[in-house]
Amino acid sequence: MLKSDYFFELPGELIAQDPLEERTSSRLLVLDKRTGAVSHHVFRDIGDFLRPGDCLVLNDTRVIPARLLGEREGTGAHVELLLLKRKSGDVWETLVRPGKKCRPGTRLTFGDGMLKAEILDTVEEGNRLVRFDYEGIFEEVLDRLGEMPLPPYITHKLQDRNRYQTVYARHEGSAAAPTAGLHFTKELLDRLEGKGIGIAYVTLHVGLGTFRPVKEENVLEHHMHTEHYEVSREAADTINRTKAQGGRIVCVGTTSCRTIESAADESGLVQPGSGDTDIFIYPGYRFRVLDALITNFHLPESTLIMLVSALAGREHVLAAYEEAVRERYRFFSFGDAMLIVDGGT
């Protein structure tokens, strides 16, 4: 399987730079995963394609303001630090730019000394282990000094940081938002529940590795990043009961998909618990739990477009993407949505 098999032409002006004023007003392309047929709608009408007894699976992770701008002590040289994963206490795995001069022992300062850090070690992929020093509560300091770590293809400054959070975000730990969930409002979720559609919340803390490009032409040589997930007993029971009663499991976003597929056993039962997953889903994969997927439009040659191709077929997905480009859909994190479902109803 070749990376180039998943390339498509995308005009730069279709990359959404800002969120829409109203979350549910984004467009919705519905793709029949069996036939490849597409139709065009508005996201607020997503309920028209869901049935009583179906279950939405939502990732309730919360993005932390993980981007810190500061300087190296003693030189005043500017430095940017991105929090990736808390290792223990005040020690974090981070991405530091520029990295060449940030060797172990280097000290950094942020917010006129409100937050300080020391580089402890260089680890996998050039990331740095950093120990922070501060007074008070780390999360409060970070909330004052940090910025939302927007994807590299978004160049506009975010005016309201809550627009890079889902309305149901709860558990802090992500360096990127599960963006398919950005289209939902509490009112829409209430309306869907009123229709008899179940909701199960799972947690997967999204790392910046989600934006890491596939460099190897042979896709199978790509090394997937690891992300931490948690599935509660309540969520597992809701999902398993839905399947047993003939309802469909509709994952909101690739992160929810990767979570439940990682947590499922060979028989397709989702097991409660937590762990780290580096699951790589590409064509040929047999889905154990997921039936349908709500997702945004992904980067060419990315692991995410490979995941949706595993569900709907590469030819159907690329044809749908070509249609989306012709129809001037908005792409990527702040862009429009796609529902991949059998039969479109």
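All figures in this text were calculated on a predicted structure; none of them were measured in a lab.

Reading the values: rules and limits
- Residues numbered from 1 in each chain as written.
- Predicted model: local features only at pLDDT ≥ 70, side-chain atom pairs only at ≥ 80, totals over all residues.
- Heavy atoms only, no water.
- Helix = DSSP H or I, 4+ residues; strand = E, 2+ residues; numbered from the N terminus.
- Rg over C-alpha atoms; globule rule 2.2 N^0.38 Å.
- Buried < 20%, exposed > 50% of the residue type's maximum accessible area, 1.4 Å probe, protein only.
- Contact = heavy atoms within 4.5 Å.
- Lys, Arg positive; Asp, Glu negative; His and termini not counted.
- Charge placed at Lys NZ, Arg CZ, Asp CG, Glu CD.
- Pairing = 2+ DSSP bridges.
- Axes fitted to C-alpha atoms, helices over the stretch in contact; angles between N-to-C directions.
- Phe/Tyr/Trp six-rings, centres within 6.5 Å; stacked < 30°, edge-to-face > 60°.
- Core = buried A, V, L, I, M, F, W, Y, C linked by side-chain atoms within 4.5 Å.
- Polar contact = N/O pair within 3.5 Å; in protein donor to acceptor, adjacent residues only side chain to side chain.
- Parallel < 35°, antiparallel > 145°, perpendicular 65-115°, else oblique.
- Left-handed = near helix turned anticlockwise from the far one by under 90°.
- Nonpolar A, V, L, I, M, F, W, Y, C, P; charged D, E, K, R; others polar.

Trainee: Sorry, what's going on with the overall build of the protein here?
Mentor: A tally of regular secondary structure across the protein gives 6 helices and 17 strands. Compactness check: the protein gives a C-alpha radius of gyration of 20 Å against a globular reference of 20 Å for 345 residues, within 12% of the reference. Within the protein, buried positions represent 52% of all 345 residues. Within the protein, contacts between residues at least 6 apart in sequence are counted, and of these 70% link residues at least 24 apart. Both charge centroids of the protein, one from 42 positive and one from 52 negative side chains, sit 1 Å from each other.

Trainee: I tried to follow the sheet that holds strand β10 (residues 128-134) on my own but got confused; where do I start?
Mentor: The strands making up a sheet associate through backbone hydrogen bonding, with each pair oriented either parallel or antiparallel. Reading around the barrel, the 6 strands line up as β5-β6-β7-β10-β9-β8 and close back on themselves, with antiparallel pairing between neighbours. Averaged over all pairs of adjacent strands, the angle between their axes in this sheet comes to 45°, without regard to strand direction. Taken together, the 7 bridges between strand β6 (residues 78-88) and strand β7 (residues 91-97) define a ladder with antiparallel strand orientation. Pairing of serine 88 across the sheet is with valine 91, part of β7. Sheet contacts for helix α1 (residues 138-145): β5 (67-72), β6, β7, β8 (107-110), β9 (115-122) and β10; angle to β6, the most-contacted strand, approximately 150°.

Trainee: Is there a simple way to think about the packing of aromatic side chains in this case?
Mentor: Two descriptors summarise a pair of aromatic rings, namely the distance from one centre to the other and the angle between the planes of the rings. Going through the model one piece at a time under the given rule, you end up with 16 aromatic pairs. Centroid distance tyrosine 153 to phenylalanine 332: 4.8 Å. Interplanar angle 55°. Geometry classified as tilted. Separated by 179 residues along the polypeptide, tyrosine 153 in the loop between α1 and β11 (171-174) and phenylalanine 332 in the loop between α6 (314-326) and β17 (337-341) bring together distant segments of the chain. Judged by centre distance (5.9 Å) and plane angle (75°), the rings of tyrosine 164 and phenylalanine 334 are edge-to-face.

Trainee: What is the right way to look at the nonpolar core in this model?
Mentor: As a rule of thumb, nonpolar side chains are buried together in soluble globular proteins. Grouped together as the largest cluster of nonpolar side chains are 65 residues, with contacts concentrated most on Ile260, Val270 and Phe331. Considering every element that reaches this core, the biggest residue donor is helix α5 (residues 303-312), with 7 residues. Not counting residues up to four positions away in its chain, the partners in contact with isoleucine 260 are Val57, Val202, Ile239, Ile249, Cys251, Val270, Val289 and Leu290. By size, the runner-up hydrophobic cluster in this structure holds 23 residues, among which are Val30, Leu192, Val250 and Leu339.

Trainee: Sorry if this is basic, but what is going on with the environment of threonine 109 here?
Mentor: Note that threonine 109 resides in strand β8. You can call threonine 109 buried: its relative accessible area is 13%. Distance from threonine 109 to glycine 74, taken between C-alpha atoms, is 9.9 Å for residues 35 residues apart in sequence. What threonine 109 contacts, discounting residues up to four positions off in sequence, is Gly70, Glu71, Glu73, Leu115 and Lys116. From its side chain, threonine 109 meets the backbone nitrogen of glycine 113 in a polar contact 3.3 Å long.

Trainee: What is the right way to look at the packing of α5 against α6 in this model?
Mentor: In contact at an axis separation of 7 Å, α5 and α6 are set at 120° when each is read in the N-to-C sense. It follows that α5 is oblique to α6 by the angle criterion. When you trace α5 past α6, the crossing you get is right-handed. Counted together, Ile305, Val308, Ser309 and Ala312 of α5 and Arg314, His316, Val317, Leu318 and Tyr321 of α6 form the full contact between these two elements. Here the residues of the contact of α5 with α6 sort into 6 nonpolar, 2 polar and 1 charged.

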